[in-house]
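# Structural description and commentary
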Amino acid sequence: MGSERRDALRFADDVTAERDAVAAEFGAAVNMTPKELEEWLDTDESRSVGQRKDGGEATGHASGRRIVRLMRTKRADLSDDDYAHMTKVVGYVHRHLAQRPRGDVRDTRWRYSLMNWGHDPLK
């Protein structure tokens, strides 16, 4: 086997390992099922939080809809952009968990925002 072919196979193995790691981190960060997340996104509480551009849909709300699609997509059909979004979700969840407010968080904007990104801190 030529060196170019070996290099291509090594690269493919690296990409597969990286995607496996991203998928595992995403699976750990997103603790809501697609159905739970869809139902949550239909609530007024879900729509009440997040940053909006030009008065449109909040970033986290749009991300939640994309998370539902990602969870319902076969791994083989996920794109590089999908994996990039999964990485973004993991980062968001980890950053916001580190900012947990004191006291009961059940009815807080902090929890609602995390739930828009697929993570319910009370689970």
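Residues numbered from 1 in each chain as written. Predicted model: local features only at pLDDT ≥ 70, side-chain atom pairs only at ≥ 80, totals over all residues. Heavy atoms only, no water.

Here the focus is the overall build of the protein. When its secondary structure is counted, the protein shows six helices and zero strands. Counting only residues that meet the buried cut, the protein has 37% of its 123 residues in that class. Considering only intrachain contacts with a sequence separation of at least 6, the fraction spanning at least 24 residues in the protein is 62%. Counting only carbon and sulfur atoms, one obtains 49% of the accessible surface of the protein, whose full area is about 7900 Å². (Helix = DSSP H or I, 4+ residues; strand = E, 2+ residues; numbered from the N terminus. Buried < 20%, exposed > 50% of the residue type's maximum accessible area, 1.4 Å probe, protein only. Contact = heavy atoms within 4.5 Å. Areas by Shrake-Rupley, 256 points an atom, 1.4 Å probe, with all protein chains shown as cover.)

Before going further, it helps to spend a moment on the pattern of salt bridges. Inspection of every chain in the model, using the stated rule, returns ten salt bridges. With a shortest N-O distance of 2.9 Å, aspartate 120 and arginine 111 are connected by a salt bridge. Exposure class is identical for aspartate 120 and arginine 111. Each is buried. In the salt-bridge network here, residues are joined through shared partners; they are Arg66, Asp81 and Asp82. (Salt bridge = Lys/Arg side-chain N within 4 Å of Asp/Glu carboxyl O.)

With that settled, consider the packing of helix H4 (residues 59–71) against helix H5 (residues 80–97). Where H4 contacts H5, the axes come no closer than 11 Å and their chain directions differ by 125 degrees. Viewed along their axes, H4 and H5 adopt a mutual orientation that is oblique. The handedness of the crossing between H4 and H5 is left-handed. Judged by residue contacts, Ser63, Arg66, Ile67 and Leu70 of H4 engage Asp81, Asp82, His85, Met86 and Val89 from H5. (Axes fitted to C-alpha atoms, helices over the stretch in contact; angles between N-to-C directions. Parallel < 35°, antiparallel > 145°, perpendicular 65-115°, else oblique. Left-handed = near helix turned anticlockwise from the far one by under 90°.)

The predicted coordinates ought not to be read in detail in places where the model reports low pLDDT. Per-residue pLDDT for the protein averages 90, and the proportion of residues at 70 or more is 89%. Put simply, helix H1 (residues 3–29) is where the protein has its lowest mean pLDDT, 75, and helix H2 (residues 34–41) is where it has its highest, 98. (pLDDT = per-residue confidence, 0-100.)

Turning next to H5. Taking 1.5 Å of rise per residue, 18 residues should cover 26 Å, and H5 covers 26 Å from first to last C-alpha, within 8% of that figure. Of all the residues in H5, the buried ones are Asp82, Tyr83, His85, Met86, Val89, Val90, Tyr92, Val93 and His96. (Expected span 1.5 Å × (residues − 1).)

Moving on, we get to the environment of alanine 21. With respect to the helices and strands, the residue alanine 21 is situated in helix H1. Exposure remark for alanine 21: the relative accessible area of 36% places this residue in the partly exposed category. Separated by 66 residues in sequence, alanine 21 and threonine 87 have C-alpha atoms that sit 9.9 Å apart.

For the rest of this paragraph, the subject is the packing of H2 against helix H6 (residues 109–116). The N-to-C vectors of H2 and H6 enclose an angle of 125 degrees; their axes lie 10 Å apart at closest approach. When the axis of H2 is compared with that of H6, the two are oblique. Regarding H2 and H6, the two cross each other, and that crossing is left-handed. On H6, the residues that touch Leu37, Trp40 and Leu41 of H2 are Tyr112, Met115 and Asn116. Taken together, the residues of the contact of H2 with H6 sort by class into five nonpolar, one polar and no charged. (Nonpolar A, V, L, I, M, F, W, Y, C, P; charged D, E, K, R; others polar.)

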